[in-house]
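# Inside the fold
What follows is the residue order along each chain.
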Amino acid sequence: MSTALYDRDFYAWANEQAGLLRAGKFSEADVQNIAEEIESMGKTEKRELVSRLAVLLLHLLKWQYQPGHRGASWQATIRIQRRDLRRHLVDNPSLKAKLQEAIADAYGNAVIEAGGETGFAESVFPALCPWPFEQMMAEDFWPEA
Amino acid sequence: MSTALYEQDFYAWANEQAGLLRAGKLSEADIAHIAEEIESMGKTEKRELVSRLAVLMLHLLKWQVQPERRGASLEATIAVQRDDLADHLNDNPSLKAQLPQAVASAYRKAGLTAYGETNLPKDVFPITCPWSFLQMMDEGFWPEA
């Protein structure tokens, strides 16, 4: 019943499940789908880490490879991404264990985007992320060619 | 323990809770926060309804009051919003019960935005939504001044 509702009417399902959990009626609750939803919230946090890293890396690459285009707007984007990343890791400290994987993933996206935005061949950019995490997060780090 | 983790490390909390739920260890799970998260997913669906309605209404208002700006782009935006709204209600049929309230709330946002974006006098825009939900969703409905 509840499982079918999950596929048919998510809004009704969510309200029903919250009610069942609060009433302690665990045997009536759709525990498998609740578990899936909660797990997917965790995955959303991880995706947000990758996506913020990709924005930071894209702008660091452009900063380094297009010195003529440097300006207040790129600088602001880099500073804001650093702040948001720091806050995101304070909210989810266990994500730090995923940083290597997240950086590799984000760097791949950043290179593709940097190629598209600058018109440079992707091979112009290093194949692997050239900066360790602490360096890219340092407030006074502005990469030079 | 789990309750504290919810505040300290959401990613770790989500993974831990999904594991406890799947293992059937509901007595160890952080049921109050799980219920809160599931309920808030339902609220997100409702907010999305309001926000999609507001976008549709904004474009219908522009269509009505700026006949000189009518064109393929505005027409496509309206058609796509109708489609997305229909899909959203299909995924959450019980949200239909919230439509009167959602329409009223969305119209306030749409009216203000239309006023801001068109630079036309405020009294050009009706105070309450001039169209029924079915009318707004009707593929053949293109409001005239």
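Reference entry: report on the structure contained in this document.

What counts and how
- Residues numbered from 1 in each chain as written.
- Chains lettered and ligands numbered in written order.
- Predicted model: local features only at pLDDT ≥ 70, side-chain atom pairs only at ≥ 80, totals over all residues.
- Heavy atoms only, no water.
- Helix = DSSP H or I, 4+ residues; strand = E, 2+ residues; numbered from the N terminus.
- Rg over C-alpha atoms; globule rule 2.2 N^0.38 Å.
- Contact = heavy atoms within 4.5 Å.
- Lys, Arg positive; Asp, Glu negative; His and termini not counted.
- Charge placed at Lys NZ, Arg CZ, Asp CG, Glu CD.
- Buried < 20%, exposed > 50% of the residue type's maximum accessible area, 1.4 Å probe, protein only.
- Buried area = accessible area lost by both parts, 1.4 Å probe.
- Salt bridge = Lys/Arg side-chain N within 4 Å of Asp/Glu carboxyl O.
- Polar contact = N/O pair within 3.5 Å; in protein donor to acceptor, adjacent residues only side chain to side chain.
- Nonpolar A, V, L, I, M, F, W, Y, C, P; charged D, E, K, R; others polar.
- Expected span 1.5 Å × (residues − 1).
- Core = buried A, V, L, I, M, F, W, Y, C linked by side-chain atoms within 4.5 Å.
- Phe/Tyr/Trp six-rings, centres within 6.5 Å; stacked < 30°, edge-to-face > 60°.
- Lys NZ or Arg CZ within 6 Å of the ring centre and 35° of its normal.

This brings us to the overall build of chain A. Of regular secondary structure, chain A possesses six helices and zero strands. Sequence-ordered secondary structure for chain A, helices as α and strands as β, is α-α-α-α-α-α. On C-alpha atoms alone, chain A measures out to a radius of gyration of 21 Å, which is more than a quarter above the 15 Å that the 2.2 N^0.38 rule sets for 145 residues. Here the C-alpha coordinates of chain A stretch approximately 60 × 30 × 25 Å along the principal axes. When contacts within chain A are restricted to residue pairs at least 6 apart in sequence, those whose partners lie at least 24 apart make up 66%. Distance between charge centres in chain A, computed from 16 positive and 21 negative side chains, equals 5 Å.

Take the overall build of chain B next. Scanning chain B from terminus to terminus reveals six helices and zero strands. When the helices and strands of chain B are read in sequence order from the N terminus, they spell out α-α-α-α-α-α. In terms of C-alpha radius of gyration, chain B reaches 21 Å, well past the compact-globule figure of 15 Å for 145 residues. Considering only C-alpha atoms, chain B reaches an extent of 60 × 30 × 25 Å along its principal axes. Buried positions account for 47% of the 145 residues belonging to chain B.

All right, on to the interface of chain A and chain B then. At the interface, 32 residues of chain A touch 31 residues of chain B. For the pairing of chain A and chain B, the buried interface totals around 2,800 Å² over both sides, and the portion due to carbon and sulfur atoms is 67%. Ranking the residues of chain A by area buried against chain B places A:Y11, A:I38 and A:M41 at the top, with a combined share of 25%. Where chain A meets chain B, there are two salt bridges. A salt bridge links A:R22 to B:E39; its shortest N-O distance comes to 3.1 Å. Connecting chain A to chain B are 10 residue pairs in polar contact (both at pLDDT 80 or more). Contributing elements (two or more residues each) for the side of chain A that touches chain B: α2 (10-22), α3 (31-65) and α4 (72-91) of chain A. Counting residues per element, the side of chain A that touches chain B draws most heavily on α3(A), which supplies 12 residues. Considering only residue class, the side of chain A that touches chain B consists of 16 nonpolar, six polar and 10 charged.

The residue B:Q98 is located in the loop between α4 (72-91) and α5 (99-118) in this model. The buried category is assigned to B:Q98, whose relative accessible area is 19%. Filtering out sequence-adjacent residues up to four positions away, B:Q98 remains in contact with A:Y11 and B:K46.

Before going further, it helps to spend a moment on helix α5 (residues 99-118) of chain A. All names here are of chain A. Here α5 contains 20 residues, and its C-alpha end-to-end distance of 27 Å stays within 8% of the 28 Å for a straight helix at 1.5 Å per residue. Among all positions of α5, only L99, A102, I103, A106, Y107, A110, V111, A114, G115 and T118 are buried. Turning to α5, the residues buried within the fold contact α3 and α6 (133-137). Following α5 by one or two positions, G119 has its phi on the positive side, about 80 degrees.

A separate point is α2(A). Residue and element names in this part refer to chain A. Taking 1.5 Å as the rise per residue, α2 with 13 residues should run 18 Å; its terminal C-alpha atoms sit 18 Å apart, in good agreement. Taken together, the buried positions of α2 are F10, Y11, W13, A14, Q17, A18, L20 and L21. Where α2 terminates, the next one or two residues include G24, which has phi positive at roughly 75 degrees.

Turning our attention to the nonpolar core. In terms of nonpolar packing, the biggest core is built from 31 residues, with B:L49, B:L53, B:M57 and B:M136 touching the most fellow members. When residues no more than four places from it in sequence are discounted, the contact partners of B:L49 are B:L85, B:H88, B:L89, B:L95, B:L99 and B:A102. A:L57, A:I78, A:A114 and A:W131 belong to the second-largest nonpolar core, a separate cluster that totals 30 residues.

Backbone geometry places B:N119, a non-glycine residue, at a positive phi of 65 degrees. Here B:N119 lies in the loop between α5 and α6 (133-137).

The full count for this structure, using the stated rule, is 12 aromatic pairs over all chains. Consider the rings of A:Y6 and A:W13, whose centres lie 4.8 Å apart with planes at 70 degrees: the pair is edge-to-face. A single burial state applies to A:Y6 and to A:W13, both of which are buried. A centroid spacing of 6.1 Å and a plane angle of 70 degrees characterise the contact between A:W131 and A:F141, whose relative ring orientation is edge-to-face. Residue A:W131 is located in the loop between α5 and α6, and its partner A:F141 is located in the segment after α6; the two are separated by 10 residues in the primary sequence. For the pair formed by A:W131 and A:F141, the shared burial category is buried. What links up through ring pairs into an aromatic cluster is the set A:Y6, A:F10 and A:W13. Above the face of the B:W142 ring, B:R82 is positioned so that its terminal group lies 5.1 Å from the ring centre.

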